[in-house]
Amino acid sequence: MHIPDGFLDTKTVIATAALSGVAVGASLRTLNRSLPRRQVPLMGLAAAFVFAAQMVNFPIAGGTSGHLMGGVLTAVLLGPAAGIVVMAAVLIVQCLLFADGGVLALGANIFNMGVIGTVGGFGIYRAVYGILGSERGRFIAIAVGAWGSTILAATVCAGELAWSGTAPWDAAFTAMVNVHMLIGLGEAVITVLVLSVIRASRPGLFTDPLMPRTRDHYVLFVTYGVTAALGIAFFVAPFASPLPDGLEHAVAQLGIHGSSLPPATTSPMPGYVIPGMGSPVAATAVAGAIGTVVVFFVGYLLARIAVPASSLRGATDAGGEKTG
Amino acid sequence: MRHNYIDRYARLDSPVHRIRPDVKLAAALGLVLATVAVPFSLTAYFVSVTLFLILIVALSRVPVSFVVRRLLLLQPFVAGVVVLAFFRPDGWTVAARVVLKSNICLLTMLLLANTTPFSALLGVLTRFRAPGLLVTVLSLMYRYVFLLVDQGERMMRARRSRTFVRGRLSWMTGAGIVAHLFIRSTERAERVYAAMTARGWRV
């Protein structure tokens, strides 16, 4: 999902750089105030860890293999603010030392994988864990969060490519999201397995997702919410809304750009239409809904492995009851 | 153990290596920016930039085979996005433009990374007032990444020598390696913190 240079146009480069700058800046500001000094070396080592962990290959059918991305994993272990900074550091090193992802596209890559992938995934994790409660529920929530984070990042990435005029929205969204529904499933399984091993040997390493609600915490929450919402408004909403010309028209009226928006609906792509479905985008949305159910089920099965019944009986905390 | 794992050729000695890192960083960013912004029809620009980069490769003494291999290694990332461009009505033009532009940018960044030590780039970032915490995280990451990669490789070697299964890891084993890599990273972070504090480190 690393976008190289040359794929994004100027307005997308500026918009993504501004959004990720705000999100990373807000995270750094909060960490400067609240992070214990002890934890600073841990962040550097966590960044090195994510890099090293991405070199462990997991076999997939057909002779190919995939690797962890790690956004939700770091957010669950270190909290979302540290997760964003760690992922940004990994992406900066990959960009500067390996040319893996472009320099001008760095803002976009940090926004997709570092901000949306981490905050989005952590948000889903926290919401689902809040509803389900129990310790097994936590692992179901981790699976759904890791899956959702991959899909969200892919969606925003497709929107950026479409907004730049590199690829039409229908094709980019359909291809990116369908591929990443499978990749996300792998991410979910790896994240849950890794966290279950960590929980078994070092339970103290888990941060409590229901953090104390300080003022900094609210500021951060609002900043993440606003940047994510703006990202979706810029990159996804113009194409996904039922009135696709609304924002485009408004933006054109303001004179921000000329005719550089892609003709989102002109390419027919007959091969993509699933029989009985109106459009590939709608079909992808349906597949996404089915995928969510599948991920909940997979997450439940994984949670049974991750949290054996014996450890449930031993749990003394309030949420330690059985999963329904 | 491979100490020069990341920026293998960054510490060679050549006219290109001796240029000040801030000048090199600015030049590379300017070149990437120009390449993305210049219209595709301006053939003279693309020809001259390509020739210029080839000249830099020759001057820098970074092995040509290494540059070509790295460039080929990065092509799947380009190809993955280019495929999507073919769904546009003007697919061929967009694809050709994107492939040419992104490859020039890739070559530029590869040359920057392999003629400038990462610590020098971090020095430039500090001078231009990049957030201190971010620079600290980056420099710690750069310092420890080869140790952790080495540790991961040792764990995989240990797995291979104990389980007589040909080929690849199972998911459970892979997850175990990743999990213990994290646990060892936290333990190392504790020791690093103690060592840094003992030497008078302040945030």
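Residues numbered from 1 in each chain as written. Chains lettered and ligands numbered in written order. Predicted model: local features only at pLDDT ≥ 70, side-chain atom pairs only at ≥ 80, totals over all residues.

K.L.:
Residue-level account of the interface of chain A and chain B, with values.
P.N.:
In this complex, chain A contributes 63 residues to the contact, which on the side of chain B involves 62 residues. Elements that contribute at least two residues to the side of chain A that touches chain B include exactly helix H1 (10-34), helix H2 (39-53), strand E1 (58-59), helix H4 (80-98) and helix H7 (169-201) of chain A. The element contributing the most residues to the side of chain A that touches chain B is H2(A), with 13 residues. Taken together, the residues of the side of chain A that touches chain B break down into 46 nonpolar, 12 polar and 5 charged. (Contact = placed C-beta atoms within 7 Å. Helix = DSSP H or I, 4+ residues; strand = E, 2+ residues; numbered from the N terminus. Nonpolar A, V, L, I, M, F, W, Y, C, P; charged D, E, K, R; others polar.)

K.L.:
Which residues make up the nonpolar core, and what values go with them?
P.N.:
Grouped together as the largest cluster of nonpolar side chains are 163 residues, with contacts concentrated most on A:Ala47, A:Val85, A:Val86, A:Ala89, A:Ala143, A:Ala172 and B:Met141. In terms of residue count, helix H6 (residues 135-163) of chain A provides more of this core than any other element does, 18 residues in total. Those residues in contact with A:Ala172 that lie beyond four places of it in its chain are A:Ala158, A:Leu161, A:Ala162, A:Ala167 and B:Leu84. (Core = buried A, V, L, I, M, F, W, Y, C linked by C-beta atoms within 7 Å. Buried ≥ 20, exposed ≤ 12 C-beta atoms within 10 Å, placed from the backbone.)

K.L.:
Tell me what's going on with the confidence of the model for chain A, and back it up with residues and numbers.
P.N.:
Averaged over chain A, the pLDDT score is 79; the fraction of residues at 70 or greater is 79%. Across residues 314-324 of chain A, confidence stays below pLDDT 50; counting only partners more than four residues off in sequence or on other chains, it has 16 contacts. (pLDDT = per-residue confidence, 0-100.)

K.L.:
Please provide a residue-by-residue account of helix H2 (residues 21-37) of chain B, values included.
P.N.:
Residues and elements named next belong to chain B. Under the 1.5 Å per step criterion, the end-to-end length of H2 is 24 Å for 17 residues, consistent within 8% with the ideal 24 Å. Among the residues making up H2, those that are buried are Pro21, Ala28, Leu31, Val32, Thr35 and Val36. The arc that holds every buried residue of H2, seen down its axis, measures 125°, which confines them to one face. Along H2, exposed side chains directed more than 90 degrees from the buried face belong to Val23, Ala26, Gly30, Ala34 and Ala37. (Expected span 1.5 Å × (residues − 1). Arc of directions from axis to C-beta.)

K.L.:
How would you summarise the packing of helix H5 (residues 75-85) of chain B against helix H6 (residues 91-115) of chain B if you had to cite specific residues and measurements?
P.N.:
Residues and elements named next belong to chain B. Relative to each other, H5 and H6 sit at 160°, their axes nearing to 9 Å. Viewed along their axes, H5 and H6 adopt a mutual orientation that is roughly antiparallel. Between H5 and H6 the crossing geometry is right-handed. Across from Val78, Val82 and Ala85 in H5, the residues of H6 making contact are Gly91, Val94, Ala95, Val98, Val99 and Ser102. (Axes fitted to C-alpha atoms, helices over the stretch in contact; angles between N-to-C directions. Parallel < 35°, antiparallel > 145°, perpendicular 65-115°, else oblique. Left-handed = near helix turned anticlockwise from the far one by under 90°.)

K.L.:
With reference to specific residues and values, describe unusual backbone geometry.
P.N.:
All names here are of chain B. One non-glycine residue with positive phi stands out, namely Arg61, at about 65°. Tracing the backbone shows Arg61 in the loop between helix H3 (43-60) and helix H4 (64-73). The partly exposed category is assigned to Arg61, around which 15 C-beta atoms lie within 10 Å. With phi around 60°, Arg129 is a residue other than glycine that occupies positive phi space. As for its position among the elements, Arg129 is in the loop between helix H7 (118-127) and helix H8 (132-162).

K.L.:
I'd like to hear about the environment of B:Leu59, residue by residue, with values.
P.N.:
The topology assignment puts B:Leu59 in helix H3. For the pair B:Leu59 and B:Ser14, spaced 45 residues apart in the sequence, the C-alpha separation amounts to 6.9 Å.

K.L.:
Explain the packing of H7(A) against helix H9 (residues 171-198) of chain B residue by residue, including any values.
P.N.:
Helix packing for two helices is described by the angle between their axes and how far apart those axes are. Close contact between H7(A) and H9(B) brings their axes to 8 Å; oriented N to C, the two are set at 55°. What the angle tells us is that H7(A) and H9(B) run oblique. Of the two possible hands of crossing, H7(A) and H9(B) adopt the one that is right-handed. Touching A:Val189, A:Ile190, A:Leu193, A:Val194, A:Val197, A:Ile198 and A:Ser201 of H7(A) are B:Trp171, B:Met172, B:Ala175, B:Gly176, B:Val178, B:Ala179, B:Phe182 and B:Ile183, all from H9(B).

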